[in-house]
Amino acid sequence: MKVAIVGFGTAGGGRLSGYRSVPGVEVAAIVEPAAERRRAAAEQLPHGRVMASLDELLAEGGVDVVDVCTPPAYHVPVAHRALTAGCHVICEKPVAVSLADAQELIATARSHERLLYPSHNYGTSPMMRLLRQAVDAGIGRLESARFQILRDRHARGVHGFRPDWRRSRELAGGGILLDHGTHCVYMALRLFGELPAKISCTVGRPVGSPDAVDEEAAVRMDFGSAVCDIELSWRAGLRANHYSVTGTEGFLRIDDDRVTAEGPDGPQVLDLASPSRDQTHLDWFPPMFADFRQTLADPGRWHVPADEIAGTARVIETAYRSAAVGGAPLALVGDDTRPGVHTVSPV
Ligand SMILES: NC(=O)c1ccc[n+]([C@@H]2O[C@H](COP(=O)([O-])OP(=O)(O)OC[C@H]3O[C@@H](n4cnc5c(N)ncnc54)[C@H](O)[C@@H]3O)[C@@H](O)[C@H]2O)c1
């Protein structure tokens, strides 16, 4: 399988290392508009093609999969071009900033019979495996989940492009809710196994800058008989990750590298590698790529990643709409039967 990485920054560099650890895959090309990053790419991929434009790559051909690792604003146009040129696409998160864009991209993948797969790598993290095990067999019926991601600032991109693009609405599409919130939302969708009925959200922006992207967000996903609370901050003054699930018969809680749990086997304490150890989460790539490969081999399952992309975009778009009306609980935007048509109803 021949892959092209588009965007050779932090995520793109991590991806090149990741592909080296999976058999049967060759990174054949890297597309990168910034000269400094092209030089880095040429050093790290001496026998591959390194080029400035996606059109050049697609005209030459010779790749099966395009892996989109650009800032969010370019995800949809790059993925769209690659799908229509006949490539399968793996795309960094958030795949799309709006539900309408997500649905349009999914429709493009469908009509060109190509797989669109999100780089939802927290889904194959050790944290997620433990949470999943607890929910599947250990804590009884899931009643609540709580995810808390605390940072003293946003992650910075590479030198040679715009290291602070995460603060640009134009490039990032939103702030921490879209950046880290995306991971929390698809994790919740997988754990609860359904879309929430209602969302409420408040966000915090720098004082006096209403147009700035959100630096804090508090989201409640209400599943009817269960809730998931997500708390995110780029201004917490510390770096910490907490994930917990509580059920009728126990709980599991992850505090960075420490896991505490209580269930049918009594109390447990385990150690875990902290997700803060490596920004590109290299260890989580082989299991995610294995899932991509399995999904690719079974077109009957291509709707699974598509549903997750659309579901995540629906939750986040609804959360921003709730924040815009002071945190009121809202029913999910969108109507699956009418792609791109939005409805919002306060509940
Ligand atoms: N899943 C994860 O754990 C994870 C971790 C880090 C980043 N990300 C995601 O990866 C993406 C990139 O983030 P990053 O931290 O690597 O940013 P970065 O700034 O480090 O790198 C972005 C790269 O994309 C290049 N680029 C910009 N416009 C481009 C275009 N139109 N076509 C091709 N390349 C272009 C830039 O020159 C730069 O080299 C974002 O969507 C981010 O959310 C995900």
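Please read these numbers as outputs of a predicted model, since none were measured by experiment. (Residues numbered from 1 in each chain as written. Predicted model: local features only at pLDDT ≥ 70, side-chain atom pairs only at ≥ 80, totals over all residues.)

**Regarding the overall build of the chain**
Next, step 1: In terms of helices and strands, the chain carries 10 helices and 15 strands.
Next, step 2: In terms of overall dimensions, the chain is globule-like: its C-alpha atoms have a radius of gyration of 20 Å, near the 20 Å expected for 347 residues.
Next, step 3: Taken over 347 residues, the chain has a buried fraction of 44%.
Next, step 4: Long-range pairs, those at least 24 residues apart, make up 66% of the contacts in the chain with a sequence separation of at least 6. (Helix = DSSP H or I, 4+ residues; strand = E, 2+ residues; numbered from the N terminus. Rg over C-alpha atoms; globule rule 2.2 N^0.38 Å. Buried ≥ 20, exposed ≤ 12 C-beta atoms within 10 Å, placed from the backbone. Contact = placed C-beta atoms within 7 Å.)

**Remarks on helix α2 (residues 35–44)**
Next, step 1: Regarding α2, the residues found buried are Arg37, Ala40 and Ala41. Within α2, the buried residues cover an arc of 100° as seen down the axis, which keeps them to one side. Relative to its buried face, α2 has exposed residues pointing more than 90 degrees away, namely Ala35 and Glu43. (Arc of directions from axis to C-beta.)

**What about the environment of Gly173?**
Next, step 1: You can see Gly173 is positioned in the loop between α7 (169–172) and α8 (176–192).
Next, step 2: Using a count of 21 C-beta atoms within 10 Å as the deciding quantity, one classes Gly173 as buried.
Next, step 3: Setting aside anything within four residues of it in sequence, one finds Gly173 in contact with Pro72, Ala73, Val97 and Leu178.

**Looking at the sheet that holds strand β13 (residues 258–263)**
Next, step 1: Across the sheet, which stays open at both edges, the nine strands sit in the order β14-β13-β12-β11-β7-β10-β9-β8-β15 with mixed pairing between neighbours. Among the strands making up the open sheet, the edge pair consists of β14 (266–271) and β15 (330–331).
Next, step 2: Along the sheet, helix α10 (residues 303–324) makes contact with β8 (198–204), β9 (216–222) and β15, crossing β8 at roughly 60°. (Pairing = 2+ DSSP bridges. Axes fitted to C-alpha atoms, helices over the stretch in contact; angles between N-to-C directions.)

**Regarding the confidence of the model for the chain**
Next, step 1: Averaged over all residues, the pLDDT of the chain equals 94, while 95% of them reach at least 70.
Next, step 2: In the model, residues 337–347 has pLDDT below 50 throughout and makes 22 contacts with residues more than four positions away in sequence or in other chains. (pLDDT = per-residue confidence, 0-100.)

**Focus on the UniProt feature "domain: Gfo/Idh/MocA-like oxidoreductase N-terminal" (unreviewed entry) in the chain**
Next, step 1: Under the present numbering, the feature "domain: Gfo/Idh/MocA-like oxidoreductase N-terminal" (unreviewed entry) in UniProt falls on residues 1–118.
Next, step 2: Taken end to end, residues 1–118 comprises 43% helix and 21% strand; its first and last C-alpha atoms sit 18 Å apart. (UniProt positions renumbered as here; feature names shortened; annotations may be inferred.)

**Observations regarding the nonpolar core**
Next, step 1: By size, the foremost hydrophobic cluster in this structure holds 101 residues, and its most contacted members are Ala4, Ala79, Val89, Leu116 and Leu131.
Next, step 2: For this core, the leading source of residues is α8, giving 10 residues.
Next, step 3: In this structure, Val89 is in contact with Val66, Val68, Ala79, Ala82, Leu83, Arg114, Leu116 and Tyr117, ignoring residues within four places of it in sequence. (Core = buried A, V, L, I, M, F, W, Y, C linked by C-beta atoms within 7 Å.)

**Digging into the site of the ligand**
Next, step 1: Not every one of the 30 residues close to the ligand is listed here, only the nearest: Gly7, Gly9, Ala11, Gly157 and Phe161.
Next, step 2: In terms of residue count, the dominant contributor to the shell around the ligand is helix α1 (residues 10–20) (three residues).
Next, step 3: Classifying every residue of the shell around the ligand gives 14 nonpolar, 11 polar and five charged. (Near = placed C-beta within 6 Å. Nonpolar A, V, L, I, M, F, W, Y, C, P; charged D, E, K, R; others polar.)

**Description of the UniProt feature "domain: GFO/IDH/MocA-like oxidoreductase" (unreviewed entry) in the chain**
Next, step 1: Feature annotation in UniProt places "domain: GFO/IDH/MocA-like oxidoreductase" (unreviewed entry) on residues 129–252, given in this structure's numbering.
Next, step 2: For residues 129–252, helix accounts for 23% and strand for 33%, while the C-alpha atoms at its two ends are 12 Å apart.

**Some words on the pairing of strand β11 (residues 240–247)**
Next, step 1: As paired strands, strand β7 (residues 142–150) and β11 are joined by eight bridges and run antiparallel to one another. In the strand pairing of β11, Phe147 is matched with Tyr243.
Next, step 2: Relative to strand β12 (residues 250–255), β11 runs antiparallel, the two sharing six bridges. Across the sheet, residue Tyr243 finds its bridge partner in β12, namely Ile254.
Next, step 3: Linkage of β11 to β12, two consecutive antiparallel strands, is achieved through a turn of two residues.

**Overview of the sheet that holds strand β4 (residues 65–68)**
Next, step 1: If you trace the six strands from one edge of the open sheet to the other, you get β3-β2-β1-β4-β5-β6, paired in parallel fashion. Each having just a single partner strand, β3 (49–51) and β6 (116–118) make up the two edges of the open sheet. Sheet twist, expressed as the average angle between the axes of neighbouring strands with direction ignored, equals 20°.
Next, step 2: Note that strand β2 (residues 26–31) and β3 share three bridges and pair parallel. Within β3, the residue paired with Ile30 across the bridge is Val50.
Next, step 3: Contacting β1 (2–6), β4, β5 (88–91) and β6, helix α4 (residues 75–84) runs over the sheet at an angle of about 160° to β5.

**Concerning the domain arrangement of the chain**
Next, step 1: Assigned domains of the chain: these are domain 1 (2–119) and domain 2 (122–331).
Next, step 2: The interface is formed by 30 residues belonging to domain 1 together with 32 residues belonging to domain 2.
Next, step 3: Where the side of domain 1 that touches domain 2 is concerned, the elements lending two or more residues are α1, α2, β5, α5 (99–111) and β6.
Next, step 4: By residue class, the composition of the side of domain 1 that touches domain 2 is 18 nonpolar, nine polar and three charged. (Domains from an automatic or database assignment.)

**Things to note about the packing of α5 against α10**
Next, step 1: It is the contact of α5 with α10, at a shortest axis distance of 8 Å, that shows an interaxial angle of 170°. Taken together, the axis directions place α5 and α10 in an arrangement best described as roughly antiparallel. Residues Leu99, Ala102, Gln103 and Ile106 of α5 pack against Ala306, Ile309, Ala310, Ala313, Arg314 and Glu317 of α10.
Next, step 2: Its residues placed into classes, the contact of α5 with α10 shows seven nonpolar, one polar and two charged. (Parallel < 35°, antiparallel > 145°, perpendicular 65-115°, else oblique.)

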